[in-house]
Amino acid sequence: RSRGAASMEEAAGEDKAGHGRNGHAEGPAAEQRRGGGARLRGCRGFLRRNALVLLTVSGVVAGVALGAAVRGAELGPAQVAYLAFPGELLLRMLRMVILPLVVCSLVSGAASLDTRSLGRLGGIALAYFLGTTLLASGLAVALGFIIRPGAGASALNTPGLGLPGALPTSKETVDSFLDLVRNLFPANLVAAAFRTYATEYKMLLRNTTSGNVTLEKIPVASEIEGMNILGLVLFALVLGVALKKLGQEGEDLIRFFNSFNEATMVLVSWIMWYVPIGIMFLVGSKIVEMEDIVLLVTSLGKYIFASILGHFIHGGIILPLIYFAATRQNPYRFLLGLITPLATAFATCSSSATLPSMIKCIEENNGVDKRISRFILPIGATVNMDGAAIFQCMAAVFIAQLNNVDLNPGQIFTILVTATASSVGAAGVPAGGVLTIAIILEAIGLPTNDLSLILAVDWIVDRTTTVVNVEGDALGAGILNYLNEKENKAREQELKEVTVEAVANSKSEAETSPLVTHKNPVSNTSSTADPESKESVL
């Protein structure tokens, strides 16, 4: 029995040793498998988090490839329209949610901020919008004089370059600004959702006393298709402040607008998954539509280069520097979370259509407070047009050089002021800035005939214009969010200090107010032990 027990113990020892050796042998393999599984899970997590960004960028690349592949097929206008149909659906869906998004977000945003914060944030936002737009206008004029895109380009009246049928009607500068003010106060809110006030002119024959017949241009009121976003923004802001003033009575309506706003954001999150498909067909159809790109680039290449360079400097250097100076944070990390709305802006050429995806991404990816983003971004999409200011000033300098006109300091100042002011009312739709170029040209006395050349390349320049427009809005929201958080922290610190001082004063009889007396001032310990024994003489 003893020999058998000994042999069994030896066998058990060998099994343990063998198991230990196998375990040591399998250790590195198991660790590799665990490391590979962790990396795989990390890749899956990255793809899941950034799926929309990757799909959107892939949609742009696929659209370029699709347009280049189909371009050789020589499609007719009907076939091109069919090709653009999925992209048209995307634009229609994005425009569908603009009205409820702008109105509800501004009402809930204005009602959620107290009057002091609203005035302070509104003042900072206005200063930021005007300052950056003026910087953009000055940059464009400076680049126009350095690069001289219109010098030596007098022979640009080449057939096929201009678009003579697409010229906007010229409008007096005074009437343009009066229309801006009129649109701030729409006579009918329902009509403001789809129509905008615009002055037109009627020519009247008048007989003078000397017998001569003269033509007189009379301004006539009219309305054109397009949402009056300025009037809706102002009404929503004032309504939000009024509901805040109502107090208890206005809470039900504030909750309604908050719920409506959240439901609209859910719709936006669903639409965002269709963005890559729509972008692919939008970009592809636009490439197919191009007629003679070689002639276009060789004739207007300097103008295209100067405009895109201005957008690159302003959007890639100046705006990030302003953000860094205000927040001491990395602006490019902030912009990295906004790749999807920036790609949407590049494809749709519409800052209004980019607004839904911008609000969603800036809140989820960059952690901007909802009250800030939904208050500032709709206003920025209407008022802040840095890219449009660069585009308009560059076009004005280009047309002046094209007509061999030397701009004097007074005309340059007029360009800067008019571009900054007219970009406020520029429509957030494709080619919306071309109409405001006509205002600038009228203000400095240049002919509007050459606007057809600007329209011919507008589809190229308008993409970088829209990207800079929405980037300026987003960085402005980031700056305001940082300043708001900083003020809230300072307030909390002040409250803590006040609380600490109050506690200290209640414990020390010598430091209390002389207006406070004690029923039983026996000792320090008794007053500390019985704080309720203090009462005010008053």
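An unreviewed UniProt entry lists the protein under the name Amino acid transporter, from Smithornis capensis. According to the UniProt record, the Sequence similarities (unreviewed entry) comment for the protein reads "Belongs to the dicarboxylate/amino acid:cation symporter (DAACS) (TC 2.A.23) family."

1. Digging into the overall build of the protein
Per the secondary structure count, the protein includes 21 helices and 4 strands. Counting over 538 residues, the protein shows a buried share of 43%. Of the contacts made within the protein by residues no fewer than 6 positions apart, 80% connect residues no fewer than 24 positions apart. Of the roughly 28200 Å² of accessible surface on the protein, 62% is carried by carbon and sulfur atoms.

2. A look at a nonpolar patch on the surface
Residues M203, L205, V213 and L215 make up a contiguous nonpolar surface patch of about 440 Å² in total accessible area. Of all the secondary structure elements, the ones that give two or more residues to the nonpolar patch are β1 (195–207) and β2 (213–225). Its place among the elements puts L215 in strand β2.

3. Remarks on a positive patch on the surface
Residues R41, R44, R48 and R49 make up a contiguous surface patch of positive charge. Assignment of secondary structure puts R48 in helix α1 (residues 2–49).

4. Digging into the pattern of salt bridges
Under the defined criterion, the tally for this structure stands at 12 salt bridges. One salt bridge in this structure joins R255 and D252, with 2.5 Å as the shortest N-O distance. Residue R255 and its partner D252 are located together in helix α10 (residues 251–272), separated by 3 residues, close to a single helical turn. The exposure class of R255 is partly exposed, given its relative accessible area of 48%. Since its relative accessible area comes to 53%, D252 is described here as exposed. A salt bridge links R374 to E363; the nearest nitrogen and oxygen atoms lie 2.8 Å apart. Residue R374 is found in helix α16 (residues 370–383), and its partner E363 is found in helix α15 (residues 351–364); the two are separated by 11 residues along the sequence.

5. Side note on the packing of helix α5 (residues 98–112) against α16
Between α5 and α16, the least distance of the axes is 8 Å, while the angle of their chain directions is 130°. By the criterion of interaxial angle, the relationship of α5 to α16 is oblique. Handedness of the crossing formed by α5 with α16: left-handed. Residue-level inspection shows V102, S105, L106, G109 and S112 of α5 in contact with α16, the latter providing R371, R374, F375, P378 and I379.

6. What about the nonpolar core?
Judged by nonpolar contacts, the single largest core of 50 residues is most densely connected at L106, F334, L338, I362, F375, I376 and I379. I376 has contacts with A125, F129, A477 and L480, leaving out every residue within four places of it along the chain. I304, A306, V397 and L453 belong to the second-largest nonpolar core, a separate cluster that totals 37 residues.

7. Structural notes on the UniProt feature "transmembrane region" (unreviewed entry) in the protein
Those places that UniProt annotates as "transmembrane region" (unreviewed entry) correspond, in this numbering, to residues 51–73, 93–113, 125–147, 226–243, 263–283, 303–326 and 332–355. Taken end to end, residues 93–113 comprises 90% helix and 0% strand; its first and last C-alpha atoms sit 30 Å apart. Along residues 226–243, the helical share is 83% and the strand share 0%, with 28 Å between the first and last C-alpha atoms.

8. Describing the side chain of T199
Mapping T199 onto the fold places it in strand β1. Overall, T199 belongs to the buried group, its relative accessible area being 7%. Polar side-chain contacts of T199 include one of 2.6 Å to the side chain of D179.

9. Thoughts on helix α18 (residues 409–422)
Across its 14 residues, α18 extends 20 Å between first and last C-alpha, which sits within 8% of the 20 Å expected from 1.5 Å per residue. One side-chain oxygen at the N-terminal end of α18 lies 3.1 Å from the backbone nitrogen of G410; it belongs to N408.

10. Brief notes about the packing of aromatic side chains
Scanning the entire structure with this criterion turns up 5 aromatic pairs. Measuring from centroid to centroid gives 5.1 Å for Y323 and F334, while their planes differ by 35°, and the two rings are tilted. On the criterion of sequence distance, the pair formed by Y323 in helix α12 (residues 293–327) and F334 in helix α13 (residues 331–336) is long-range, its members being 11 residues apart. Judged by relative accessible area, Y323 falls into the buried class, the value being 3%. One aromatic cluster in this structure is built from F256, F257 and F260. Above the ring of F324, the side-chain terminus of R328 is found at 5.8 Å from the ring centroid. Directly above the ring of F346 sits R463, whose terminal nitrogen or CZ lies 6.0 Å from the centroid.

11. Here we look at the environment of A474
One can find A474 in helix α20 (residues 451–507). Along the primary structure A474 and G380 are separated by 94 residues, whereas in three dimensions their C-alpha atoms are 8.5 Å apart. Leave out the neighbours within four places in its chain, and A474 touches F334, L338, M358, I362 and L377.

12. Observations concerning the packing of α15 against α16
The N-to-C vectors of α15 and α16 enclose an angle of 160°; their axes lie 10 Å apart at closest approach. Compared by their axis directions, α15 and α16 come out roughly antiparallel. By crossing handedness, the relation of α15 to α16 is classed as right-handed. Seen from α15, the contacting residues are S351, L355, M358, I359, I362 and E363; seen from α16, they are K370, S373, R374, L377, P378 and A381.

Thresholds, definitions, all that
Residues numbered from 1 in each chain as written. Predicted model: local features only at pLDDT ≥ 70, side-chain atom pairs only at ≥ 80, totals over all residues. Heavy atoms only, no water. UniProt positions renumbered as here; feature names shortened; annotations may be inferred. Helix = DSSP H or I, 4+ residues; strand = E, 2+ residues; numbered from the N terminus. Buried < 20%, exposed > 50% of the residue type's maximum accessible area, 1.4 Å probe, protein only. Contact = heavy atoms within 4.5 Å. Areas by Shrake-Rupley, 256 points an atom, 1.4 Å probe, with all protein chains shown as cover. Patch = residues over 30% accessible without salt bridge, like charges linked within 9 Å, V, L, I, M, F, W, Y side chains within 5 Å. Salt bridge = Lys/Arg side-chain N within 4 Å of Asp/Glu carboxyl O. Lys, Arg positive; Asp, Glu negative; His and termini not counted. Charge placed at Lys NZ, Arg CZ, Asp CG, Glu CD. Axes fitted to C-alpha atoms, helices over the stretch in contact; angles between N-to-C directions. Parallel < 35°, antiparallel > 145°, perpendicular 65-115°, else oblique. Left-handed = near helix turned anticlockwise from the far one by under 90°. Core = buried A, V, L, I, M, F, W, Y, C linked by side-chain atoms within 4.5 Å. Polar contact = N/O pair within 3.5 Å; in protein donor to acceptor, adjacent residues only side chain to side chain. Expected span 1.5 Å × (residues − 1). Phe/Tyr/Trp six-rings, centres within 6.5 Å; stacked < 30°, edge-to-face > 60°. Lys NZ or Arg CZ within 6 Å of the ring centre and 35° of its normal.

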